[in-house]
Amino acid sequence: MRPFERKVYEFVEHEQLLQPDSFCLVALSGGADSVALLRVLLRLGYRVEAAHCNFHLRGKESYRDEQFARELCNELKVGFHLIHFDTKTYAEIHQVSIEMAARQLRYRYFHQLIEDLGATAICVAHHQDDAVETLLMNLLRGTGIHGLTGIRPRNGLVVRPLLAVSRAEIMDYLADCKQTYVTDSTNLVPDVLRNKIRLQLLPLMETVNPAARANLLATARHISEAEKVYDQTMQQWRERLVSGNAVRLESLKSLPSAESFLHEWLSPMGFTPAQTRQMAKALDGQPGKLFTSLTHEVLIDRDALLVEPITAQMKPMRIPEPGCYRYADNAMLNLTLQDGSLIIKERMRASVDSNKVEFPLTIRPVRPGDRFQPFGMSGSRLISDYLTDKKYSFFDKRRQLVVTDSTERILWLVGHRTAQPFSVTPETVQTLVLQITIPHLSSITEL
């Protein structure tokens, strides 16, 4: 076994990337790295087949690479799988860069191929130099601790057996095997960031310190070890601090870094580092600050930070007469008439004097400026103020429902009180009973 092959074998074993009897796919572009990956996995005894993507981005070169990959697989008696992509059209439709379009298309195909063939993994040819370039790219773009660990040996079904070796070692191995390969001419032009780092920045760094690449890799390994402690701490904080959709502000302020915790907790929900930084600064400010991602909202309330998914606002619904009605998708409203005077003091059931009510009624979310006169009180109040006194958050207020009559007078603040002008008295001849079932209101408690 050649030293290169032993190095790859020991790395695969140490990282548990492949089992001895694994059937895996190799992403074969035809370039030096992927060709070396295919050759070394075959030499180590793994069952492999190759997958080649023609992105139609480099004219004749794209077809040259395809032909080379096909002939290599025929020579090595390796199964060959080919797909063609209209990458430019995909990028235009999805409004992403060409690089991102190629990545999305490639990995979507790989995962489908793995499923279709029953393979255990897709092996890609990233090596140590790629890890160094990725670290520098992330550093230049601005990154957190996770962006400083280089490239992981495994990401789901994607494994990288060559992270144990450098580009120079790969080239020596191919020369030793007398194995040819093709060269992507676009990699030789310092136009995109990765090429500038590979062709200009790293050579310059090596004039300052010849061990620059090795030292950067060592730094990435140190950060990777520190990352394990960091991730464990963040998980412990989440388990201790997050209750449902909330974290108490007092608990956040006690952390060594509320900003780091908020970033780790909320970034999967689409919040940016800039937003989580602003949240951390706003913890001591006035309550009511709202932050929005594409899918979620974060509210800094009086004593807690709350997060909720963005949902469509419920629309008003007309109620022409007593009966049973479904409101939105999860609420049932039942209106019945009963003879005589019936006073109900329940959270989700209310009673009003039917002779004081003018149909049609409407059920709708509360609006800014809505007022009503709570039963048993003199004078009207803004519903917003009433709910503030109950310590309701902005989210709870926005979900609050009211029932109005044909003149837009609020007769019931759902889940709270009826309005005094519609109250049942001993003189009431007929009572209108309103009963509602709404899951989210059932979970709200008055503080």
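So, here is what we can say about the structure in this document. (Residues numbered from 1 in each chain as written. Predicted model: local features only at pLDDT ≥ 70, side-chain atom pairs only at ≥ 80, totals over all residues. Heavy atoms only, no water.)

1. Some words on the overall build of the protein
Here comes step 1: When helices and strands are counted, the protein shows 15 helices and 20 strands.
Here comes step 2: Taking 22 Å as the expected radius of gyration for a compact globule of 447 residues, we find that the protein reaches 32 Å, considerably beyond that expectation.
Here comes step 3: In terms of overall dimensions, the protein has C-alpha extents of about 105 × 45 × 40 Å along its principal axes.
Here comes step 4: Of all 447 residues assigned to the protein, the portion counted as buried reaches 45%.
Here comes step 5: Within the protein, contacts between residues at least 6 apart in sequence are counted, and of these 68% link residues at least 24 apart.
Here comes step 6: A total accessible area of about 23300 Å² is found for the protein, and carbon and sulfur atoms account for 52% of it.
Here comes step 7: Taking the 53 positively charged and 52 negatively charged side chains of the protein as two groups, their mean positions are separated by 2 Å. (Helix = DSSP H or I, 4+ residues; strand = E, 2+ residues; numbered from the N terminus. Rg over C-alpha atoms; globule rule 2.2 N^0.38 Å. Buried < 20%, exposed > 50% of the residue type's maximum accessible area, 1.4 Å probe, protein only. Contact = heavy atoms within 4.5 Å. Areas by Shrake-Rupley, 256 points an atom, 1.4 Å probe, with all protein chains shown as cover. Lys, Arg positive; Asp, Glu negative; His and termini not counted. Charge placed at Lys NZ, Arg CZ, Asp CG, Glu CD.)

2. Thoughts on the nonpolar core
Here comes step 1: Core analysis: the largest hydrophobic core is formed by 49 residues, its most contacted members being L18, L41 and L162.
Here comes step 2: Aside from chain neighbours lying at most four places away, what touches L18 is V12, E13, C24, L41, Y46, A121, C123 and V159.
Here comes step 3: Formed by 34 residues, the second largest nonpolar core is a distinct cluster that contains I363, V366, Y386 and L432. (Core = buried A, V, L, I, M, F, W, Y, C linked by side-chain atoms within 4.5 Å.)

3. Regarding the sheet that holds strand β10 (residues 304–309)
Here comes step 1: The strand order across the open sheet built from four strands is β7-β10-β9-β8, with neighbouring strands paired in antiparallel fashion. Looking at which strands have only one partner, the edges of the open sheet turn out to be β7 (246–248) and β8 (289–292). Recorded for the sheet is a direction-independent mean angle of 15° between the axes of neighbouring strands.
Here comes step 2: The sheet contact formed by β8 and strand β9 (residues 296–300) spans four bridges and is antiparallel. Bridge pairing links T292 to E297 in β9.
Here comes step 3: Docked against the sheet, helix α11 (residues 258–266) engages β7, β9 and β10, running at close to 15° with respect to β10. (Pairing = 2+ DSSP bridges. Axes fitted to C-alpha atoms, helices over the stretch in contact; angles between N-to-C directions.)

4. Re the pattern of salt bridges
Here comes step 1: Following the criterion strictly, the structure yields 28 salt bridges and no others.
Here comes step 2: In this structure, R43 engages E5 in a salt bridge whose closest nitrogen and oxygen atoms are separated by 3.1 Å. One end of the pair, R43, is in helix α2 (residues 32–43); the other, E5, is in helix α1 (residues 3–15), with 38 residues separating them in the sequence.
Here comes step 3: Among the salt bridges present, the one from R398 reaches E297, with a minimum N-O distance of 2.5 Å. Pair noted here: R398 is in helix α14 (residues 394–399) and E297 is in strand β9, with a separation of 101 residues, a long-range link.
Here comes step 4: Residue R398 is classed as partly exposed on the basis of its relative accessible area of 28%.
Here comes step 5: Judged by its relative accessible area of 9%, E297 falls in the buried class.
Here comes step 6: Through salt bridges with shared partners, a single network forms among R58, E61, R64, D65 and D184. (Salt bridge = Lys/Arg side-chain N within 4 Å of Asp/Glu carboxyl O.)

5. Focus on the packing of helix α6 (residues 128–141) against helix α9 (residues 212–241)
Here comes step 1: Contact pair α6 / α9: the axes reach a minimum separation of 10 Å and the direction vectors enclose 70°. The angle between α6 and α9 places the two elements in the roughly perpendicular class. Facing Q128, D129, A131, V132, L135 and L136 of α6, the residues of α9 in contact are R213, L216, L217 and A220.
Here comes step 2: Of the residues assigned to the contact of α6 with α9, the class counts are seven nonpolar, one polar and two charged. (Parallel < 35°, antiparallel > 145°, perpendicular 65-115°, else oblique. Nonpolar A, V, L, I, M, F, W, Y, C, P; charged D, E, K, R; others polar.)

6. Some thoughts on the side chain of S34
Here comes step 1: Among the structural elements, S34 can be located in helix α2.
Here comes step 2: S34 sits in the buried class, given a relative accessible area of 4%.
Here comes step 3: A polar contact of 3.1 Å, which involves the side chain of S34, links it to the backbone nitrogen of S29.
Here comes step 4: Setting aside residues no more than four positions away along its own chain, S34 makes contact with V26, A27, L28, S29 and A125. (Polar contact = N/O pair within 3.5 Å; in protein donor to acceptor, adjacent residues only side chain to side chain.)

7. Focus: the state of the cysteines
Here comes step 1: In total, this model carries zero disulfides according to the counting rule given.
Here comes step 2: There is no disulfide at C24, and the cysteine sulfur nearest it, in C123, is 3.9 Å away.
Here comes step 3: With no disulfide of its own, C73 lies closest to C53 among cysteine sulfurs, the gap being 13 Å.
Here comes step 4: For C73, a relative accessible area of 1% corresponds to the buried category. (Disulfide = S-S within 2.5 Å.)

8. A few points about the environment of Y181
Here comes step 1: Position of Y181 among the secondary structure elements: in the loop between α7 (167–177) and α8 (193–208).
Here comes step 2: In this structure, the C-alpha to C-alpha distance between Y181 and A36, residues 145 residues apart in sequence, is 9.0 Å.
Here comes step 3: If we ignore the near neighbours within four places in the chain, the residues touching Y181 are G30, G31, A32, V35, F68, M171 and L174.

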